[in-house]
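# Structural overview for review
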Amino acid sequence: MAAKGAKEEDSCEYGSAKFLALCGLGGIVSCGLTHTAVVPLDLVKCRMQVQPERYQSIVQGFSLTLKEEGLRGLAKGWAPTCLGYSMQGLCKFGLYEVFKLRYSEMLGPEKAYLWRTSLYLAASASAEFFADIALSPMEAAKVRIQTQMGYANTLRAAIPKMYQEEGLWSFYKGVAPLWMRQIPYTMMKFACFERTLEALYVYVVPKPRSECTKLEQLGVTFVAGYIAGVFCAIVSHPADSVVSVLNKEKGSSAIDILKRLGFRGLWKGLFARILMIGTLTALQWFIYDSVKVYFRLPRPPPPEMPLSLKERL
């Protein structure tokens, strides 16, 4: 039975505990699946960042990895990737919905509409702050496995070795660069997606969203997600380069690595990251929205100007 105030076809009320819990589940599925699926590309990208003299391009990087380690080598780091990004997705998408609701209530309907871009930016930044704390241990293990030859081939081997060498700090020393990378990325991901989706329905899609089929709506979601993903990759790439090198080297700081890499070094592997993040972001939004459709969650249309504001203007 639908909750009081929910539409008949919805399985729960917008903003309810069930709604937020299932949004978190959607984040786990979307981020866990997509990041695990692109582990081979991520591995080559990380190696291009930390060993540019050996891994000079995407094609050459794949070729060298296959030659030296075989097909199994391309799957290195899949376990920490799956676990880490599942937890990140839970916090990223679940808490985004929480913060968006709470900040909207604080602003009121008129300001929430007028300042909606700022609202998306604030809600996504707040959510990502906690998401990166959840991601950091697995991200550190993943980079060690992928970039330090002979260090460890599995998560089971990497975790105790990292703890023995550097203690708990080894799992969280990359959290500040992660915030530098992921918070701007997520702010762009959510704000750009929300505004692109709004623009597509106004200027591109020939009919209102309410008249589109579920499949057509998911198609629009995918396109908006890919556009957002390209901008995300560009904004977050310099910090991603720092994170990759920082987790590979002992005793280095983010400032040391920034100085050593220089401006050009920070952008190494950008094309691979655009391919990866553009596809990832589009698929994540598609899967996330599909989970909402599957569980019949409320999916409000793009925001409209409140009647009280229309009357004043």
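This is a predicted model, so every value here is computed, not measured.

### Observations regarding the overall build of the chain
A count of helices and strands for the chain gives 13 helices and zero strands. For the chain, the C-alpha atoms occupy an extent of roughly 65 × 35 × 35 Å along the three principal directions. Within the chain, counting contacts between residues at least 6 apart in sequence, those at least 24 apart form 77% of the total. Within the structure as shown, the chain displays about 14,900 Å² of accessible surface, and the carbon and sulfur contribution to it stands at 66%. Here the chain holds 37 positive side-chain charges and 26 negative ones, and the gap between their average locations is 6 Å.

### Observations concerning the packing of aromatic side chains
Taken as a whole and assessed by the stated rule, the structure comprises 14 aromatic pairs. The interplanar angle of 45 degrees and the centroid separation of 6.4 Å between the aromatic rings of Phe-222 and Tyr-226 together place this pair among those described as tilted. Pair noted here: Phe-222 and Tyr-226 are both in helix α10 (residues 214-248), with a separation of four residues, about one helical turn. Both rings, one in Trp-285 and one in Tyr-288, keep their centres 6.0 Å apart while their planes meet at 75 degrees; by these two values the pair is edge-to-face. Pair noted here: Trp-285 and Tyr-288 are both in helix α12 (residues 270-294), with a separation of three residues, about one helical turn. By the ring-pair criterion, three or more aromatic residues cluster together here, those being Phe-93, Tyr-96, Phe-190, Phe-193, Trp-285 and Tyr-288. Here Arg-116 stacks its cationic end above the ring of Tyr-113, 4.3 Å away from the centre of that ring.

### Concerning the UniProt feature "transmembrane region" (unreviewed entry) in the chain
With numbering aligned to this structure, UniProt lists the feature "transmembrane region" (unreviewed entry) at residues 270-288. Helix makes up 100% of residues 270-288 and strand 0%, whereas the separation of the span's terminal C-alpha atoms amounts to 26 Å.

### Examining the UniProt feature "repeat: Solcar" (unreviewed entry) in the chain
Residues given the UniProt feature "repeat: Solcar" (unreviewed entry) here are residues 18-102, 115-199 and 216-294. With 86% helix and 0% strand, residues 18-102 has end C-alpha atoms that lie 16 Å from one another. Taken end to end, residues 115-199 has its terminal C-alpha atoms 16 Å apart, with 86% of it in helix and 0% in strand.

### Describing a nonpolar patch on the surface
Together, Phe-129, Phe-130, Ile-133, Trp-169 and Tyr-172 make up an exposed nonpolar region whose accessible area comes to about 490 Å². Contributing elements (two or more residues each) for the nonpolar patch: α6 (116-147) and α8 (169-172). The element contributing the most residues to the nonpolar patch is α6, with three residues. Secondary-structure assignment places Ile-133 in helix α6. Exposure remark for Ile-133: the relative accessible area of 34% places this residue in the partly exposed category.

### As for helix α7 (residues 155-166)
For α7, with twelve residues, the first-to-last C-alpha span of 16 Å sits near the 16 Å given by 1.5 Å per residue. Every buried residue of α7 is listed here: Leu-155, Ala-158 and Met-162. Axial view of α7: buried residues confined to an arc of 60 degrees, hence all on one face. Opposite the buried face of α7, at more than 90 degrees from it, the exposed residues are Arg-156, Tyr-163 and Gln-164. Check the buried side of α7 and you find it contacts α4 (78-107), α6 and α8. Immediately beyond the C-terminal end of α7, within one or two residues, lies Gly-167, with a positive phi of roughly 70 degrees.

### Describing empty space enclosed by the protein
Rolled over the atoms, a probe sized like a water molecule indicates the empty space that remains. Applying the stated criterion across every chain yields a total of one cavity of 30 Å³ or more. There is about 150 Å³ of room inside the largest cavity. Along its surface, the largest cavity is lined by 18 residues, and His-35, Tyr-85, Arg-181, Met-276 and Ile-277 are the ones closest to its centre. Per element, the largest residue contribution to the lining of the largest cavity is four residues, and it comes from α4. When its residues are assigned to classes, the lining of the largest cavity shows six nonpolar, four polar and eight charged.

### Comments concerning the state of the cysteines
What we call a disulfide is simply a covalent bond connecting the sulfur atoms of a pair of cysteines. Tallying each qualifying case throughout the model produces zero disulfides. Note on Cys-46: no disulfide assigned, nearest cysteine sulfur contributed by Cys-82 at a separation of 17 Å. Assessed through its relative accessible area of 1%, Cys-46 is described here as buried.

### Thoughts on the pattern of salt bridges
In the structure shown here, the tally under the stated rule is 18 salt bridges. The closest approach of N and O atoms between Glu-69 and Arg-47, which form a salt bridge, is 2.7 Å. Highlighted residues: Glu-69 in helix α3 (residues 58-73) and Arg-47 in helix α2 (residues 39-50), separated in sequence by 22 residues. No difference in accessibility class separates Glu-69 from Arg-47, as the two residues are buried. Residue Arg-54 is joined to Glu-68 by a salt bridge in which the shortest nitrogen-to-oxygen separation is 2.4 Å. With Arg-54 in the loop between α2 and α3 and Glu-68 in helix α3, this residue pair connects regions lying 14 residues apart in the sequence. By relative accessible area, which is 31% here, Arg-54 ends up partly exposed. Among the residues examined, Glu-68 registers a relative accessible area of 39% and is labelled partly exposed.

Conventions we followed
Residues numbered from 1 in each chain as written. Predicted model: local features only at pLDDT ≥ 70, side-chain atom pairs only at ≥ 80, totals over all residues. Heavy atoms only, no water. Helix = DSSP H or I, 4+ residues; strand = E, 2+ residues; numbered from the N terminus. Contact = heavy atoms within 4.5 Å. Areas by Shrake-Rupley, 256 points an atom, 1.4 Å probe, with all protein chains shown as cover. Lys, Arg positive; Asp, Glu negative; His and termini not counted. Charge placed at Lys NZ, Arg CZ, Asp CG, Glu CD. Phe/Tyr/Trp six-rings, centres within 6.5 Å; stacked < 30°, edge-to-face > 60°. Lys NZ or Arg CZ within 6 Å of the ring centre and 35° of its normal. UniProt positions renumbered as here; feature names shortened; annotations may be inferred. Patch = residues over 30% accessible without salt bridge, like charges linked within 9 Å, V, L, I, M, F, W, Y side chains within 5 Å. Salt bridge = Lys/Arg side-chain N within 4 Å of Asp/Glu carboxyl O. Buried < 20%, exposed > 50% of the residue type's maximum accessible area, 1.4 Å probe, protein only. Expected span 1.5 Å × (residues − 1). Arc of directions from axis to C-beta. 1 Å grid on protein atoms, 1.4 Å probe; cavity = no way out; pocket = protein on both sides within 12 Å on 5 of 7 lines; lining within 4 Å. Points joined across faces, edges and corners; volume = space filled by probe spheres on them. Nonpolar A, V, L, I, M, F, W, Y, C, P; charged D, E, K, R; others polar. Disulfide = S-S within 2.5 Å.

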